[in-house]
Amino acid sequence: MMRAHNFSSGPAAMPSEVLIQAQNELLSYDDSGMSIMEMSHRSKYYDQIHNETMELIRQLLGIPANYKIGLLQGGARLQFAMIPLNFMSKGRQAGYVLTDTWSEEAFKEAEHVGSAYIAGKNDGYRRIPDSNEIEIQRDTTYIHLTSNNTIVGTQYHDYPQLNGVHLIADMTSDIMSKEIDVNSFSLIYAGAQKNLGPSGVTLVILREDLLEEESSLTMPALRYSSHLKENCMLATPPTYNIYLVNLFAKWIQQQGGVAMIEKQNQKKATLLYDFIDQSGGFYKGYSERSSRSHMNITFHLPTKELDQKFIAQAYQEGFIGVNGHHRIGGCRASIYNGVSLQSCMELEMFMKHFQDQNG
Ligand code: PLP
């Protein structure tokens, strides 16, 4: 069966092996005679998947024992609200490093709750602020950053050291794409829909000591402690989506774990950036080299008309989702975990061919 070369920014490509297994188990999971989506979340089958998924994530990311793992709903967007609602206690502040629309959106939610300030930002968002450009004001509980900026195509390659202030990161568009030192963060969250599964599941990794900051004024349904106490079954969990995350996590394990996935992702990104850099200016990268994202390759052609022609022709040839975000225009190839090196090589060939015809 023909599978598209899917370069969408999210929801994004899933490995074919994962979908085939889901297809094989669609009507009857194990000996149950039922699909996962039809059975109780308290059943022995689902219970095993639920706990195994958290354990797989713990192993893959090397998450220490003093961190809790949550599988929540409401998207990364709900985390934008839950974080300040829980951790911006009275009289204290939170700093936001702005690097793209998504961090701006997170900041807006925090401004609703209390005293949030911009801890770092630069014009045009073409690069990540250096550590010495981040300003931490007095009485700050946490600093929030976005590890990979899906729209502009920038990514942190080192994280700031904050000396006692909690670091919270939105890793929606690079979770599981590379190794991270979880110890540097008090809270990590990520929608699963780019590198780890379908939409509808939000991974939360939270260091236990952060719970001491949790506000008792927040409604129980929006508190981290309520969800964690019920093993993320406070509401009926998105069982089928978590099952797909489980299969995706096993697929990552079979590839050799996150270290091997990182190598593969680096290869894919280097292939496309090298080609862009050697195109004699026909293709121009959007972000500065030192901040380039290994997940979202953003670029422009010499004119807006050529951008449009490129996107339309790419679509005809089976390359889906290469349009840039409307905010910056141009083109974007999102090369998350589910996008193969082969798809990237074929995109490179298409780009070369397009340049030969239009350059
Ligand atoms: N944060 C980042 C970095 C994103 O790329 C996105 C979506 O693309 C979001 C947050 C919003 O995620 P959700 O749709 O799960 O709320």
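Residues numbered from 1 in each chain as written. Predicted model: local features only at pLDDT ≥ 70, side-chain atom pairs only at ≥ 80, totals over all residues.

Peer 1: Quick one: what's the story with the pairing of strand S8 (residues 166–170), residue by residue and with numbers?
Peer 2: Within S8, four of the five residues are buried, which leaves it mostly tucked inside the rest of the structure. Across five bridges, strand S5 (residues 140–146) lies against S8 in parallel orientation. Looking at S8, one finds that Thr146 is bridged to Asp170. Direction of pairing for S8 relative to strand S9 (residues 187–191): parallel, over a ladder of three bridges. Note on S9: the bridge partner recorded for Asp170 is Tyr189. (Buried ≥ 20, exposed ≤ 12 C-beta atoms within 10 Å, placed from the backbone. Helix = DSSP H or I, 4+ residues; strand = E, 2+ residues; numbered from the N terminus. Pairing = 2+ DSSP bridges.)

Peer 1: Report on the UniProt feature "domain: Aminotransferase class V" (unreviewed entry) in the chain, specifying residues and quantitative values.
Peer 2: The feature "domain: Aminotransferase class V" (unreviewed entry), as annotated in UniProt, sits at residues 6–337 in this numbering. For the annotated span residues 6–337, helix accounts for 33% and strand for 18% of the residues, and the straight-line distance between the end C-alpha atoms is 11 Å. (UniProt positions renumbered as here; feature names shortened; annotations may be inferred.)

Peer 1: Outline the domain arrangement of the chain, listing residues and values.
Peer 2: Domain boundaries assigned for the chain yield domain 1 (16–254) and domain 2 (257–358). Placing the centre of domain 1 and that of domain 2 at their C-alpha centroids yields a distance of 27 Å. The interface is formed by 24 residues belonging to domain 1 together with 24 residues belonging to domain 2. Listing elements by their share of the side of domain 1 that touches domain 2, those giving two or more residues are helix H2 (44–61), strand S6 (148–149), strand S7 (154–155) and helix H6 (239–254). Per-class residue counts for the side of domain 1 that touches domain 2 are seven nonpolar, eleven polar and six charged. (Domains from an automatic or database assignment. Contact = placed C-beta atoms within 7 Å. Nonpolar A, V, L, I, M, F, W, Y, C, P; charged D, E, K, R; others polar.)

Peer 1: How would you sum up the confidence of the model for the chain? Please name residues and give values.
Peer 2: Mean pLDDT over the chain works out to 97, with 100% of the residues at or above the 70 mark. The complex model carries a pTM of 0.98, and its ipTM stands at 0.99. (pLDDT = per-residue confidence, 0-100.)

Peer 1: Kindly report on the nonpolar core, identifying the contributing residues and their values.
Peer 2: Taken as a class, soluble globular proteins show a tendency for nonpolar side chains to be buried jointly. The biggest cluster of nonpolar side chains holds 93 residues, and the ones touching the most others in it are Tyr96, Leu187, Leu203, Phe248 and Ile335. Of the residues forming this core, the biggest block, nine residues, is contributed by H6. Per-domain counts for this core show at least three residues from each of domain 1 (16–254) and domain 2 (257–358). Setting aside anything within four residues of it in sequence, one finds Leu187 in contact with Ile83, Ile168, Val204, Ile205, Leu206, Arg207 and Leu210. (Core = buried A, V, L, I, M, F, W, Y, C linked by C-beta atoms within 7 Å.)

Peer 1: Before we move on, could you go through the site of the ligand and cite the residues and values that matter?
Peer 2: The environment of the ligand is formed by Gly10, Gly75, Ala76, Arg77, Trp102, Thr146, Thr150, Asp170, Thr172, Ser173 and Gly191. For the shell around the ligand, the leading source of residues is helix H3 (residues 75–87), giving three residues. Residues of the shell around the ligand, tallied by class, amount to two nonpolar, seven polar and two charged. (Near = placed C-beta within 6 Å.)

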